There are 2 protein chains.
Amino acid sequence: MNTHEDYMRLALRQAELAARQGEVPVGAVLVVSGRLFAAHNTPIATHDPSAHAEMRAIRAACAALGNYRLNGATLYVTLEPCCMCAGAIIHARIGHLVYGARDPKTGAVASLYQLLSDRRLNHRPTITEGVLADSCGAVLKAFFRQRRRTTNGDAQA
Amino acid sequence: MNTHEDYMRLALRQAELAARQGEVPVGAVLVVSGRLFAAHNTPIATHDPSAHAEMRAIRAACAALGNYRLNGATLYVTLEPCCMCAGAIIHARIGHLVYGARDPKTGAVASLYQLLSDRRLNHRPTITEGVLADSCGAVLKAFFRQRRRTTNGDAQA
């Protein structure tokens, strides 16, 4: 039986894949109807500001299952979803959201907003936070540390 | 010189197109770099919960221009954007949002949330609301009135 940590480790691998491609390292894994859909952040490479890991996993699962609703799905993501992704989670009727690190700058599940707990909206998934939070945060910190170093290097060149 | 009303009329035609396809009638027109991208709501037909009119217009423009940012773009949409679409508007750096009717149930620009005026987030577009609001609202009301009638008919059948 796979645990939350097992799936989050797969999401972390997706985040690392994003980092190697110069994208902000966030990864997601969506489990629904016994199938698994993995995705990473690709806005720059795909010229698509909506191509966050969560959105890509949701869209891939919906396309594969031929349904715009994913009742009973569990979505694992390394970082707290933003407003856009929280909105898509509601539209897709994701049953359970499991995330790693909080995002104090744009997080819309706990940090800036609590969109997924809002009783005025028409769906509220179960939420589990903090799964492998340190590892999920570390991959982001390392990425931005490296990028600042590179940017400083360029500025000096 | 085209006015906001001219562009909103085009967005309304997109909304009517959605209604004819059995989708919630919302339409959008995005104007950027002298080009125009029109789209309507298609979540059901495309098995994509993120396929709101705004999202589709943004994605189409970004794909055509080869850029995940649309600085200087104006987005016209018949209905107040939801959390998901408001988030995408921020990510895409849309310069000006013009919308028609308010959405008291899921609107995230004025009704439930004011995401696009939040100084903690990293982009705040200019906002113009209420352009052809009555017509934009009327197409939605007519659609849901018709759908309730059909649903009642099915229930009795």
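What you are looking at is a predicted structure, and each value in this text was computed from that prediction instead of being measured. (Residues numbered from 1 in each chain as written. Chains lettered and ligands numbered in written order. Predicted model: local features only at pLDDT ≥ 70, side-chain atom pairs only at ≥ 80, totals over all residues. Heavy atoms only, no water.)

(A) Representation of the nonpolar core within the structure. Counting residues in each nonpolar core, the largest one holds 101 residues, and the members touching the most others are A:Leu30, A:Ile58, B:Leu30 and B:Ile58. Ignoring anything within four residues of it in the chain, the contact list for A:Ile58 reads A:Leu30, A:Leu70, A:Leu75, A:Ala88, A:Ile89, A:Ala92, A:Ile94 and B:Pro49. (Core = buried A, V, L, I, M, F, W, Y, C linked by side-chain atoms within 4.5 Å. Buried < 20%, exposed > 50% of the residue type's maximum accessible area, 1.4 Å probe, protein only. Contact = heavy atoms within 4.5 Å.)

(B) Region of interest: the side chain of A:Asp48. You can see A:Asp48 is positioned in the loop between helix H2 (43-46) and helix H3 (53-65). What A:Asp48 contacts, discounting residues up to four positions off in sequence, is A:Pro43, A:Arg59, B:Arg59 and B:Tyr68. (Helix = DSSP H or I, 4+ residues; strand = E, 2+ residues; numbered from the N terminus.)

(C) Structural view of the relation of the copies chain A and chain B. Once chain A is rotated about the relating axis by 180° and shifted along it by 0.0 Å, it coincides with chain B to within an RMSD of 0.0 Å. What we have between these two chains is a two-fold relation. No C-alpha of chain A approaches the rotation axis more nearly than that of A:Met84, which lies at 1.8 Å. When you check the interface residues of chain A against chain B, 100% turn up at the interface there too, and the contact is symmetric in its surfaces. (Least-squares fit on C-alpha atoms with pLDDT ≥ 70 in both.)

(D) Molecular detail of the sheet that holds strand E4 (residues 96-101) of chain A. Residues and elements named next belong to chain A. What the five strands build is an open sheet, ordered E2-E1-E3-E4-E5; its pairing is mixed. Of all the strands in the sheet, just strand E2 (35-40) and strand E5 (126-129) have a single pairing partner and so form its edges. The average angle at which neighbouring strand axes cross in this sheet is 15°, direction not considered. By the bridge criterion, six bridges tie strand E1 (residues 27-32) to E2 in an arrangement that is antiparallel. Considered in E2, the bridge of Leu30 is made with Phe37. (Pairing = 2+ DSSP bridges. Axes fitted to C-alpha atoms, helices over the stretch in contact; angles between N-to-C directions.)

(E) Structural view of the interface of chain A and chain B. Across the contact, 30 residues belong to chain A and 30 residues belong to chain B. Here chain A packs against chain B, burying approximately 2500 Å² in sum over the two surfaces, 70% of which is carbon and sulfur. Linking chain A to chain B there are two salt bridges. For B:Arg59, the salt bridge identified is with A:Asp48, shortest N-O distance 3.5 Å. Going through the elements one at a time, H2, H3 and helix H4 (83-91) of chain A are the ones with two or more residues in the side of chain A that touches chain B. (Buried area = accessible area lost by both parts, 1.4 Å probe. Salt bridge = Lys/Arg side-chain N within 4 Å of Asp/Glu carboxyl O.)

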